[in-house]
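A closer look at the structure
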Amino acid sequence: MTTVAPAAPSAAPARLALPPVDHAPRPYTGPSRDEVIAMRRQFTNPAVFTLYREPLLIVEGYMQYLYDETGRRYLDLFAGIVTVSVGHCHPTFVRRVQDQVGTLQHATTIYLHPNVALLAKKLASKMPPGLDVTYFVNSGSEANDLAVTMARLHTGHTDVVALRNAYHGGSPSAMGLTSHSTWKFPVGGDGRVHHAMNPDPYRSPFDGSPDEIATKSAQDIREIIRYSTPGKIAAFIAEPIQGVGGATLGARNYLAEAYAITREHGGLCIADEVQTGFGRTGEHYWGFENFGVVPDFVTMAKGIGNGAPLAAVTTRMEIARSLAQRVHFNTYGGNPVSMAAGLAVLDIIDEDGLQENARVVGGRFKAGLERLARAHPLVGDVRGMGLMLGVELVRDRATKEPAKSETLDVLESMRESGALIGKGGLDGNVLRIKPPMCITAADADFALDALDEALSRAGGGARR
Ligand SMILES: Cc1ncc(COP(=O)(O)O)c(C=O)c1O
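All values derive from a computational prediction rather than experimental measurement.

1. Let's talk about the overall build of the protein chain
Of regular secondary structure, the protein chain possesses 13 helices and 15 strands. Relative to its length of 464 residues, the protein chain is compact, with a C-alpha radius of gyration of 22 Å against a globular reference of 23 Å. Considering only C-alpha atoms, the protein chain reaches an extent of 60 × 60 × 45 Å along its principal axes. Put simply, the protein chain has 464 residues, and 55% of those count as buried. Put simply, 75% of the contacts in the protein chain that link residues at least 6 apart link residues at least 24 apart.

Given below as structure tokens:
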């Protein structure tokens, strides 16, 4: 074991100093970075990957900041992959989870515990009327699996339509819903899932305005149903804004048209809110609300638990009843500590005004990104809502050739400046900005300066 004293607050150049914070990291006393790398290499499955060329050891978090083993602080723009919603180790969150850990850690839903009922009731209060029955699980993949199972049971149909460029999880059946070759193993899968055109206007094969592309993309669902299914489907599943896919979204008319076609063919509509839920899109609590639709299922994970292994699927009672025809059980689903985490998150989002913060700081961030797009030819597209933003990098704005290695260079430069940004898209050429929702305007300005510098370096200094 080594002890590393905290370094000076930030090693970034003065011009790019992180906004001040009233938090001093503890001295780190765990294994060294090299020891951790060696243990990971030897004892963890090689499929477990790290983001940077030189892996980063993160040992502490406070609100929107992370600390490495030397005490260096970073602005977290990726939030543990869109999961830390209210802030790392938010004091209220820590207190409430610690209270529960010290009182009852686990019992399962075979006994009553108030937390399961309280969180289900609280979620119902955040949903459109009628969507008020929740099943708790541990991961987004499980939530999507369960939604599809219930849709199949309730409708009596089996085919499911998902979208190209979607990510819905890595369990064998969620992998079938996912539409990225990079995330699919050649082990067979759910042959009853079909992928329809994604309405993202930036890379759509359809012509026209974003609204026209949305309509043509929705019509593709109809064609798929006509050609590839018995004419009826169990469900249509979509992320209101595709997360792993690179913050891609269609025009506002898309989901309404897609939901109408689904319902015309006997299907139920699943909104995968694993990334877009809980106020992140700013204007609304749920991503689907930005598109004026009401789904039949809402699946949630990530932000609901601020890092606790907590996920859920909410639906209407008549649909939920379909699951009661057999025994269904999930050992950790409804765990009192995870439920305490969820209850704390929902309260903190309201108490700290985080949805409004996502709207205001997200709007400032997006305006800044659009300014950078005007200056840097490397930026092909800026998109997203609130604090769910994407910046697609291309080598040539006409051909839209994905700027893959340049994206990695931007990630590395940002890290040097003290900002940890995410990456996504099928080609790995989209910068993903999805920070804890407690991020400030000063943090956004710092990140934009760091990105300006990183884009200049990655683009070989090219500016307009
Ligand atoms: C939109 C979406 N759905 C589902 C999942 C799967 O969640 P999990 O990794 O918790 O299984 C993810 C994970 O990234 C996601 O982004």
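2. Thoughts on the sheet that holds strand S14 (residues 422–424)
Spatial ordering of the open sheet is given by S11-S12-S15-S14, a layout of four strands whose pairing is antiparallel. The two strands at the open ends of the sheet, each matched to only one other strand, are strand S11 (379–385) and S14. On average, each strand axis in the sheet is tilted by 25° relative to the strand beside it, whichever way the strands run. Relative to strand S15 (residues 430–433), S14 is paired through three bridges, and the arrangement is antiparallel.

3. Quick look at the packing of helix H4 (residues 114–126) against helix H10 (residues 336–351)
Contact geometry of H4 with H10 gives a least axis separation of 9 Å together with a crossing angle of 35°. Handedness of the H4/H10 crossing: left-handed. Facing Asn115, Val116, Leu118, Leu119, Lys122, Leu123 and Lys126 of H4, the residues of H10 in contact are Pro336, Met339, Ala340, Gly342, Leu343, Leu346, Asp347 and Asp350. Tallied by class, residues from the contact of H4 with H10 come to nine nonpolar, two polar and four charged.

4. Quick look at the site of the ligand
As a matter of local geometry, the ligand sits amid Ser139, Gly140, Ser141, Asn144, Tyr167, His168, Gly169, Glu239, Asp272, Val274, Gln275 and Lys302. Between Gly140 and the ligand, the recorded distance is 2.8 Å, taken from a backbone N or O atom to an oxygen atom. Taking Lys302, its side chain carries an N or O atom lying 3.2 Å from an oxygen atom of the ligand. Expressed as a share of its isolated accessible area of 390 Å², the protein-covered part of the ligand is 83%. The dominant element in the shell around the ligand, judged by the number of residues it contributes, is helix H5 (residues 140–155), at three residues.

5. Some points on the environment of Gly334
Looking at the secondary structure, you find Gly334 in the loop between helix H9 (317–320) and H10. On the basis of relative accessibility, which here comes to 7%, the residue Gly334 falls in the buried class. For the pair Gly334 and Gly307, spaced 27 residues apart in sequence, the C-alpha separation works out to 15 Å.

Rules behind the numbers
- Residues numbered from 1 in each chain as written.
- Predicted model: local features only at pLDDT ≥ 70, side-chain atom pairs only at ≥ 80, totals over all residues.
- Heavy atoms only, no water.
- Helix = DSSP H or I, 4+ residues; strand = E, 2+ residues; numbered from the N terminus.
- Rg over C-alpha atoms; globule rule 2.2 N^0.38 Å.
- Buried < 20%, exposed > 50% of the residue type's maximum accessible area, 1.4 Å probe, protein only.
- Contact = heavy atoms within 4.5 Å.
- Pairing = 2+ DSSP bridges.
- Axes fitted to C-alpha atoms, helices over the stretch in contact; angles between N-to-C directions.
- Left-handed = near helix turned anticlockwise from the far one by under 90°.
- Nonpolar A, V, L, I, M, F, W, Y, C, P; charged D, E, K, R; others polar.
- Near = heavy atom within 4 Å.
- Polar contact = N/O pair within 3.5 Å; in protein donor to acceptor, adjacent residues only side chain to side chain.
- Areas by Shrake-Rupley, 256 points an atom, 1.4 Å probe, with all protein chains shown as cover.

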